[in-house]
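# Secondary and tertiary structure notes
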Amino acid sequence: MAQVAVVTFDGFNELDSFIASALINRCRNDGLEAFITTPTPQVTSMNGVQVAGQRPIEFVAEADVVLIGSGVRTRDVVADAPLLARLPLDPARQLIGSQCSGALVLAHLGLLGSMPACTDPTTRPFLKALGVTVPDAPFHAEGNIATAGGCLASQYLATWVITRTLGEDAARAVLDYVAPVGEHRETTARALRAVGVGEPARA
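Residues numbered from 1 in each chain as written. Predicted model: local features only at pLDDT ≥ 70, side-chain atom pairs only at ≥ 80, totals over all residues. Heavy atoms only, no water.

The final tally for this structure, using the stated rule, is 1 cavity of 30 Å³ or more. The calculated volume of the largest cavity comes to roughly 50 Å³. Looking at the largest cavity, the residues that line it are Phe 9, Asp 10, Gly 11, Phe 12, Gly 69, Ser 70, Gly 71, Val 72, Arg 73, Thr 74 and Val 77. Along the lines of polarity and charge, the residues of the lining of the largest cavity split into 4 nonpolar, 5 polar and 2 charged. (1 Å grid on protein atoms, 1.4 Å probe; cavity = no way out; pocket = protein on both sides within 12 Å on 5 of 7 lines; lining within 4 Å. Points joined across faces, edges and corners; volume = space filled by probe spheres on them. Nonpolar A, V, L, I, M, F, W, Y, C, P; charged D, E, K, R; others polar.)

Another aspect to go through is the pattern of salt bridges. Tallied over the entire structure, the rule returns 6 salt bridges. Arg 73 is paired through a salt bridge with Asp 10; the nearest N and O atoms lie 3.9 Å apart. Here Asp 10 lies in the loop between strand S1 (2-7) and helix H1 (14-24) and Arg 73 lies in the loop between strand S6 (65-68) and helix H2 (74-78), a separation of 63 residues in the sequence. For Arg 86, the salt bridge is made with Glu 58, and the minimal N-O distance between the two is 3.0 Å. Of this pair, Arg 86 sits in the loop between helix H3 (81-84) and strand S7 (95-99) while Glu 58 sits in the loop between strand S5 (55-56) and S6, placing them 28 residues apart in sequence. The class for Arg 86 is partly exposed, based on a relative accessible area of 31%. On the basis of relative accessibility, which here comes to 45%, the residue Glu 58 falls in the partly exposed class. (Salt bridge = Lys/Arg side-chain N within 4 Å of Asp/Glu carboxyl O. Helix = DSSP H or I, 4+ residues; strand = E, 2+ residues; numbered from the N terminus. Buried < 20%, exposed > 50% of the residue type's maximum accessible area, 1.4 Å probe, protein only.)

That is the geometry; function is a separate question.
Structural data, given as structure tokens:
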């Protein structure tokens, strides 16, 4: 069973953590499982939703995939050196992704290098201040690192994880299941194009 740590901090955005984990957990029977992973036993979302972590933050060291979620307190996270030290990520053996302001965490961990990184409009200036190029796009991946920008781009991050671990057919099955009724084909095609799989985008 491949394991995914969806790292979720206080002040988290529910869409970022829950969409990715829910889509990935559609693949439990195929050998892929996600866990909400938190630095404290309980975290509270930006809208006051309290969630008990399924795994402690130390789980990131053994996870096959690590996704760094977004939230309103990400700048506090990157200013907390002891907390960042609890994230020993290794792109040589792990798939690593970020959602929106989670890209700031990857930048402060030195994982982005010269690659562009997608993020949300609010985080864009802070990421650019670190010298990171921010494209006007919802998703970008190079090697084992991916970034997504915009809350609903979390579906693309999940699609990337499923495609990289289980293959395109598994991703298609999940996307087809969750797509709005009557929009199965275009929803699936759009997500796969976003992560560089499937039919090329039409001009």
